[in-house]
Amino acid sequence: MNGTALTENEIIAWLREEDPQKLEVLFRKADLLRRQHVGEAVHLRGLVEISNICRRNCLYCGVRASRSNIKRYRLAAEEVLEGARLAADFGYGTVVIQGGEDFSLDAVFVAGIVREIKKLGLAVTLSLGERPEADWRLWREAGADRYLIRFETSNRSLFDVIHPRVGKKDSFGFDGRLGSLLTLRGMGYEIGSGVMIGIPGQSYRDLARDLILFQLLDLDMIGTGPFLAHPETPLGKAALALAAAPDAPLEEKWKLAADAGFDYPIPDDQVPSSNLMAFKVIALTRLLLPDSNIPSTTAIATNDAVHGRVTGLMSGANVVMPNLTPTKYRAMYEIYPNKSATFDSPEETHRKAIEQIREAGRTPGTGPGGRRGSPRGRF
Ligand code: 5AD
């Protein structure tokens, strides 16, 4: 590990820092490390959202199983491949296939798609949630290079509350989620994880520990972004109720959250879900893991369509993930409201990404852009 050694308290101090001049020191340092370790290239990953069908009921997510007023979709293989061909045409090195925990998304079907995309010479990242190990092995054998699965928070009790388990054996729980990252690494995948910033209940110490866990796991990819309140989810409702009562005593805040369906004590040092906090997290992540791949995420771009993505790139990030899902499905993948690029054509999405990379003074990456050089990862 060649990252900066930072203690939990040092990280907390940075997360709490509000002096713009001092923060400038942090952002410059992160940007310098980014340049030294991963260069000026910004890697483009074409994102295809394969299915919004999900068996889970995560309290923050707009495509949770119990939400009945959205249309559900699953792409045909050809629709995914269309996105992959666009990615190849645009010169991207990677396709990311992301979806809900949709168990009718058959493992053999996904393996077939992976094989086809590999023929285009692209790296393949999968982000399909908790699946049986046999599926992950099959996909790896089909040529998948990387797997993303965020742990969302390192606070075990908060994790448990926001991730109700489907049957005791059928979802992993906190330990299982962390263990799955090690399993995936053992299979030869590059591994990615991350957290949401400012989820109700998250304290500064929680967030600092998230960052230390990124370093401990030696993650290849770290995606983070502000929590965005979806009004049709319990956590979104809780966040909106709390925002309307900023000065309420803590017991009352707990009650407001519980009434919204999120029964968890709100700490007196609740982390805000701001882009500034997200930029601090990106910068600190770069300090801790200087050669990792860090995206300036869609959640950041959603919070601030004009400056979000560019500022992320200038705070330590080196990856963007333009959405290449066929436009007619995009609005249905509504994990949070007003998601950036929902109504853009793929060409428009691409044009904006390139424009923003240039605005940040950088160049679009070429090649797969894996952390460990070869698209097949570590082995
Ligand atoms: N706000 C911000 N991020 C969210 N995600 C899911 N729901 C929300 C939300 N309401 C993030 C989770 C998930 C990723 C795909 O999107 O971190 O892992």
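Above this text you will find the structure in question.
Residues numbered from 1 in each chain as written. Predicted model: local features only at pLDDT ≥ 70, side-chain atom pairs only at ≥ 80, totals over all residues. Heavy atoms only, no water.

Quick notes on the pairing of strand 1 (residues 41–51)
Reasoning step 1: Along strand 1, ten of the eleven residues are buried, which leaves the element largely enclosed by surrounding structure.
Reasoning step 2: Sheet topology note: the strand 1/strand 10 (residues 363–364) ladder contains two bridges and is parallel. Note that in strand 10 the partner of Val42 across the bridge is Pro364.
Reasoning step 3: Note that the unit made of strand 1, helix 3 (residues 77–89) and strand 2 (residues 94–99) has a crossover that is right-handed. (Buried < 20%, exposed > 50% of the residue type's maximum accessible area, 1.4 Å probe, protein only. Helix = DSSP H or I, 4+ residues; strand = E, 2+ residues; numbered from the N terminus. Pairing = 2+ DSSP bridges. Right-handed = clockwise from strand over helix to strand, strands pointing away.)

Points about the pairing of strand 2
Reasoning step 1: With six of its six residues buried, strand 2 lies for the most part within the structure.
Reasoning step 2: Burial along strand 2 is two-sided: Thr94, Val96 and Gln98 facing one way and Val95, Ile97 and Gly99 facing the other are all buried.
Reasoning step 3: As paired strands, strand 1 and strand 2 are joined by six bridges and run parallel to one another. When the sheet's bridge partners are listed, Arg45 is paired in strand 2 with Thr94.
Reasoning step 4: Relative to strand 3 (residues 123–127), strand 2 is paired through five bridges, and the arrangement is parallel. The partner of Val95 across the bridge, within strand 3, is Val124.
Reasoning step 5: For the handedness criterion, the β-α-β arrangement of strand 2, helix 4 (residues 107–119) and strand 3 is classed as right-handed.

Structural notes on the site of the ligand
Reasoning step 1: Every residue close to the ligand is listed here: Tyr60, Arg150, Glu152, Met196, Pro226, Phe227, Leu228, Ile335 and Tyr336.
Reasoning step 2: Contacts to the ligand include Tyr60, whose backbone N or O atom sits 3.1 Å from a nitrogen atom.
Reasoning step 3: One nitrogen or oxygen atom from the main chain of Leu228 is found 2.8 Å from a nitrogen atom belonging to the ligand.
Reasoning step 4: Within the complex, the protein chains bury 86% of what would otherwise be the 400 Å² of accessible surface of the ligand.
Reasoning step 5: A per-class count over the shell around the ligand returns seven nonpolar, no polar and two charged. (Near = heavy atom within 4 Å. Polar contact = N/O pair within 3.5 Å; in protein donor to acceptor, adjacent residues only side chain to side chain. Areas by Shrake-Rupley, 256 points an atom, 1.4 Å probe, with all protein chains shown as cover. Nonpolar A, V, L, I, M, F, W, Y, C, P; charged D, E, K, R; others polar.)

Observations regarding the packing of aromatic side chains
Reasoning step 1: Enumeration over the complete set of coordinates arrives at eight aromatic pairs.
Reasoning step 2: Arranged with centres 5.9 Å apart and planes meeting at 75°, the rings of Tyr147 and Tyr189 form a pair that is edge-to-face. With Tyr147 in strand 4 (residues 146–148) and Tyr189 in the loop between helix 7 (173–186) and strand 5 (190–193), this residue pair connects regions lying 42 residues apart in the sequence. Like Tyr147, the residue Tyr189 is buried in the burial classification.
Reasoning step 3: Among the aromatic residues, those joined into a ring-pair cluster are Trp136, Tyr147, Phe172 and Tyr189.
Reasoning step 4: Over the ring of Tyr204 we find Arg16; its NZ or CZ atom is 4.4 Å from the centre of that ring.
Reasoning step 5: Across from the ring centre of Phe103, 4.7 Å away, lies the NZ or CZ of Arg131, which sits over that ring. (Phe/Tyr/Trp six-rings, centres within 6.5 Å; stacked < 30°, edge-to-face > 60°. Lys NZ or Arg CZ within 6 Å of the ring centre and 35° of its normal.)

Here we look at the pattern of salt bridges
Reasoning step 1: Enumeration over the complete set of coordinates arrives at 31 salt bridges.
Reasoning step 2: Measuring nitrogen to oxygen at the nearest pair gives 3.1 Å for the salt bridge that ties Glu8 to Arg209. With Glu8 in helix 1 (residues 8–16) and Arg209 in helix 8 (residues 204–216), this residue pair connects regions lying 201 residues apart in the sequence.
Reasoning step 3: By relative accessible area, which is 42% here, Arg209 ends up partly exposed.
Reasoning step 4: As a salt-bridge pair, Arg55 and Glu101 come within 3.0 Å of each other at their nearest N and O atoms. Here Glu101 lies in the loop between strand 2 and helix 4 and Arg55 lies in the loop between strand 1 and helix 3, a separation of 46 residues in the sequence.
Reasoning step 5: Judged by its relative accessible area of 23%, Arg55 is partly exposed. (Salt bridge = Lys/Arg side-chain N within 4 Å of Asp/Glu carboxyl O.)

In short, the description is geometric, and any link to function would need to be established separately.
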